[in-house]
Amino acid sequence: MTIFWHRRDLRFSDNAGLYRALKTGDPVLPIFIFDRNILDKLPSKTDVRVEFIQRSVVELAEAYRAHGSDLRAYYGHPVEILRELRDAHQPTAVYTNRDYEPYAIARDLAVKELLDEHDIPFYHFKDHVIFESDEVQKQAGGPYTVYTPYMKRWRKQLATRMSTYEGEDISYYLKPYPTEKYAGNLLPGKAPSPVPTLEEMGFTPTEIEIPPKEASDETLKHYHSTRDYPATTDGTSRISHHLRHGTVSIRAKMLRAMQLEDDTFFRELIWRDFYSNVLQAFPRVVDESYRREYDTIPWVNDEEQFQAWCEGRTGVPLVDAGMRQLNTIGWMHNRVRMITASYLVKHLLIDWRWGEGYFADKLLDYELASNNGGWQWAAGSGADAQPYFRIFNHHSQQVKFDKDYAYVKEWVPEYDTDDYPSEPLVEHKFGRDRALRVYKKALTEARES
Ligand SMILES: Cc1cc2nc3c(=O)[nH]c(=O)nc-3n(C[C@H](O)[C@H](O)[C@H](O)COP(=O)(O)OP(=O)(O)OC[C@H]3O[C@@H](n4cnc5c(N)ncnc54)[C@H](O)[C@@H]3O)c2cc1C
């Protein structure tokens, strides 16, 4: 028997590793582990991600049952659970899809050692991205660190190998894996094995509404013109958390994006691969600024101001609306992510890592690579970042992207009343001048030393 271990690929269809496992012909036992190494560290027992994952695992188990099989879902420590499975079943092999985050890499190494003891192969496959870092390299070798040349090379790479799908020529890299074709090789299910409930794992349900797996045709058709306006309902696809947890296939999303007349949406999806490429090639960015000199900036790190930012009480309407949207629904519009992040690192002079950590705790679509990339972009410290001297003016951002204050009023009901602060925590001109002075001095000194 072969084990297939689901992680950030919570779907049956078009699943690279599962397809490979099934194709061997050996009966496949699918498993999922609610990882206590992660869950025990979460700051709150009401966590929308855990809830989303739990619901998705229940859905996944149903998909397996529809094929006469079943999913075994465990709650515990992966190495211990895999040791038990190894000892109980002596599987022929364990298959999975690759995860590029440092914790996952260390965990997989420990699992490999455990399986090696019994000469059980541990196979892992690319599924979460279209291209891994070593597949899109500069002509002279080495990873790209700037998005535009990366994107161009990425597109060339996509065009290199062609295949057919439903009679159409498509890139080999986007062709779906027909998992269903080999569903007969799944281990037959007996009595349905229950998926641990949130309560059994010590969590409380939140009633959060999860956006659907597909954006509407209308949304995608107008995406290029609506994507920057946070008040626009359905102005963006809202699929980020599905991509994060693999409840949808990135190949399918790319294929759909390629059929659109305008390619803005397609290029946004490539940003996701770009940030994964940066994390894979430079794992040090998890703790350090990609541009090391940015780690010499003397942050103010005022805890009270940080708390006000977290709670959406800065007196800057767009920042407050964004933070409250994040705190309420676990998602924030991309334009507002940029504005809130910029306000924290530039106007408040608070270390980007503080903001990154807060987003990591709150975002339903939290993905280390994109979050770190987004934060280091805002701070100016990233591989392809906004230069430090470009500082968002929140007044002009307001006029440009939410001129009627529709978004602000949706999330900050007391805006325009006496209950709303009359002055921002840090006023734009003062904050901008201070940031320019502090950044410039630190970076100049670091470069000269
Ligand atoms: C400070 C900051 C932190 C961020 N943290 C995350 C995060 O933890 N997880 C995350 O998935 N995205 C993150 N992003 C990127 C972006 O804001 C979200 O992907 C987007 O808002 C999700 O909404 P959507 O699915 O409607 O996006 P759409 O605009 O519909 O885009 C479609 C998809 O393209 C990808 N994408 C779009 N923009 C980006 C981008 N700038 N970087 C990487 N991928 C992108 C996402 O997978 C997204 O779902 C962050 C951006 C910033 C500025």
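Residues numbered from 1 in each chain as written. Predicted model: local features only at pLDDT ≥ 70, side-chain atom pairs only at ≥ 80, totals over all residues. Heavy atoms only, no water.

For the protein, an unreviewed UniProt entry supplies the name Deoxyribodipyrimidine photo-lyase and the organism Neolewinella maritima. As recorded by UniProt, the Sequence similarities (unreviewed entry) comment attached to the protein reads in full: "Belongs to the DNA photolyase family." (UniProt positions renumbered as here; feature names shortened; annotations may be inferred.)

Undergrad: Is there a simple way to explain the environment of Glu-135 in this structure?
TA: Mapped onto the elements, Glu-135 comes out in the loop between β5 (122–125) and α6 (147–160). Given the relative accessible area of 25%, Glu-135 is considered partly exposed. Distance in space between the C-alpha atoms of Glu-135 and Asn-301 is 39 Å, their sequence separation being 166 residues. At a separation of 2.7 Å, a polar atom in the side chain of Glu-135 contacts the main-chain amide nitrogen of Glu-132. (Helix = DSSP H or I, 4+ residues; strand = E, 2+ residues; numbered from the N terminus. Buried < 20%, exposed > 50% of the residue type's maximum accessible area, 1.4 Å probe, protein only. Polar contact = N/O pair within 3.5 Å; in protein donor to acceptor, adjacent residues only side chain to side chain.)

Undergrad: Honestly, the pattern of salt bridges in this entry has me stumped. Any pointers?
TA: Any two side chains of opposite charge can pair, on the condition that their charged atoms come close. Going through the model one piece at a time under the given rule, you end up with 38 salt bridges. Between Asp-127 and Arg-11 there is a salt bridge; the shortest N-O distance is 2.9 Å. Linking Asp-127 in the loop between β5 and α6 with Arg-11 in the loop between β1 (2–6) and α1 (16–23), this pair joins segments that are 116 residues apart in sequence. Here the two residues Asp-127 and Arg-11 agree in accessibility, since each one is buried. Residues joined in a network through salt bridges with shared partners are Arg-8, Asp-99, Glu-101, Arg-272 and Glu-367. (Salt bridge = Lys/Arg side-chain N within 4 Å of Asp/Glu carboxyl O.)

Undergrad: Looking at this structure, how should I read the layout of surface pockets?
TA: The gaps left among the atoms become clear once a water-sized probe is rolled over them. By volume, the largest pocket amounts to about 1,000 Å³. Those elements that place two or more of their residues in the lining of the largest pocket are α8 (240–245), α10 (264–281), α13 (334–347) and α15 (368–379). Of the residues forming the lining of the largest pocket, the biggest block, six residues, is contributed by α10. Taken together, the residues that form the lining of the largest pocket break down as 16 nonpolar, eight polar and 10 charged. Two domains each put at least three residues into the lining of the largest pocket: domain 2 (129–174 + 216–281) and domain 3 (284–448). Lining the second largest pocket are 32 residues, and of these Ile-38, Leu-42, Glu-101, Tyr-103 and Arg-244 sit closest to its centre. Broken down by secondary-structure element, the contributors of at least two residues to the lining of the second largest pocket are β1, β2 (28–35), α2 (36–39), α3 (48–66), α5 (102–116), α8 and α14 (352–362). Among the elements that line the lining of the second largest pocket, the one with the most residues is β2, at four residues. When grouped by side-chain class, the residues that make up the lining of the second largest pocket number 18 nonpolar, three polar and 11 charged. Composition of the lining of the second largest pocket by domain shows at least three residues from each of domain 1 (1–127) and domain 3 (284–448). (1 Å grid on protein atoms, 1.4 Å probe; cavity = no way out; pocket = protein on both sides within 12 Å on 5 of 7 lines; lining within 4 Å. Points joined across faces, edges and corners; volume = space filled by probe spheres on them. Nonpolar A, V, L, I, M, F, W, Y, C, P; charged D, E, K, R; others polar. Domains from an automatic or database assignment.)

Undergrad: Is there a simple way to explain the packing of aromatic side chains in this structure?
TA: We describe a pair of aromatic rings using the distance from one ring centre to the other and the angle between the two ring planes. Tallied over the entire structure, the rule returns 35 aromatic pairs. Relative to Phe-266, the ring of Trp-154 lies with its centre 5.7 Å away and its plane at 75 degrees, an arrangement referred to as edge-to-face. Note that Trp-154 is positioned in helix α6 and Phe-266 in helix α10, a separation of 112 residues in sequence. You'll find Trp-154 and Phe-266 in the same group, each marked buried. With centroids separated by 5.2 Å and ring planes inclined at 80 degrees, the aromatic side chains of Phe-306 and Trp-354 adopt a geometry described as edge-to-face. Taken together, the positions of Phe-306 in helix α11 (residues 303–311) and Trp-354 in helix α14 put the pair 48 residues apart, joining distant regions of the chain. The class of Phe-306 is buried, set by a relative accessible area of 13%. Sitting over the face of the ring of Trp-331, Arg-238 holds its NZ or CZ atom 3.9 Å from the ring centroid. (Phe/Tyr/Trp six-rings, centres within 6.5 Å; stacked < 30°, edge-to-face > 60°. Lys NZ or Arg CZ within 6 Å of the ring centre and 35° of its normal.)

Undergrad: Explain the packing of α11 against helix α12 (residues 317–329) to me, please; I cannot follow it from the model alone.
TA: With their axes 7 Å apart at the nearest point, α11 and α12 run at an angle of 70 degrees to one another. The orientation of α11 with respect to α12, classified from their angle, is roughly perpendicular. Here α11 contributes Trp-309, Cys-310 and Glu-311 to the contact with α12, which in turn contributes Val-319, Met-323, Arg-324 and Asn-327. In terms of residue class, the contact of α11 with α12 is made up of four nonpolar, one polar and two charged. (Axes fitted to C-alpha atoms, helices over the stretch in contact; angles between N-to-C directions. Parallel < 35°, antiparallel > 145°, perpendicular 65-115°, else oblique. Contact = heavy atoms within 4.5 Å.)

Undergrad: Would you mind going over the domain arrangement of the protein with me for this structure?
TA: A common measure of how large an interface is: the accessible area buried when the components associate. Parsing the protein into structural domains produces domain 1 (1–127), domain 2 (129–174 + 216–281) and domain 3 (284–448). If you average the C-alpha positions of domain 1 and of domain 2, the two centres end up 26 Å apart. Taking both partners together, domain 1 and domain 2 bury about 1,400 Å²; carbon and sulfur atoms supply 50% of that area. By the criterion of area lost to domain 2, the three top residues of domain 1 are Phe-52, Tyr-100 and Lys-126, representing 42% of everything that side buries. Here Asp-127 and Arg-251 are joined by a salt bridge, their closest N and O atoms 2.8 Å apart. Among the elements that make up the side of domain 1 that touches domain 2, the one with the highest residue count is α3 (four residues). Tallied by class, residues from the side of domain 1 that touches domain 2 come to five nonpolar, two polar and nine charged. (Buried area = accessible area lost by both parts, 1.4 Å probe.)

Undergrad: Quick question: what am I supposed to make of the sheet that holds β5 here?
TA: Picture the strands of a sheet paired through backbone hydrogen bonds; they go either parallel or antiparallel. Spatial ordering of the open sheet is given by β3-β2-β1-β4-β5, a layout of five strands whose pairing is parallel. Strands with a single pairing partner mark the edges of an open sheet, and in this sheet they are β3 (72–76) and β5. When the angles between neighbouring strand axes are averaged without regard to direction, this sheet yields 25 degrees. Sheet topology note: the β2/β3 ladder contains five bridges and is parallel. Among the inter-strand pairings, Asp-35 is bridged to a residue of β3, identified as Gly-76. Here α1 sits on the sheet in contact with β1, β2, β4 (93–97) and β5, set at roughly 155 degrees to β4. (Pairing = 2+ DSSP bridges.)

Undergrad: Looking at this structure, how should I read the environment of Met-338?
TA: The topology assignment puts Met-338 in helix α13. Linking Met-338 and Val-319, residues 19 residues apart in sequence, is a C-alpha distance of 9.7 Å. Apart from residues lying up to four places away in sequence, Met-338 is in contact with Trp-377 and Phe-392.

Undergrad: Please explain the pairing of β2 as it appears in this structure.
TA: A regular strand places its side chains on the two faces of the sheet in alternate fashion. Among the eight residues in β2, eight count as buried, and that is most of the element. The two faces of β2 match: Val-28, Pro-30, Phe-32 and Phe-34 on one face and Leu-29, Ile-31, Ile-33 and Asp-35 on the other face are all buried. Note that β1 and β2 share five bridges and pair parallel. Along β2, the bridge assignment pairs His-6 with Phe-32.

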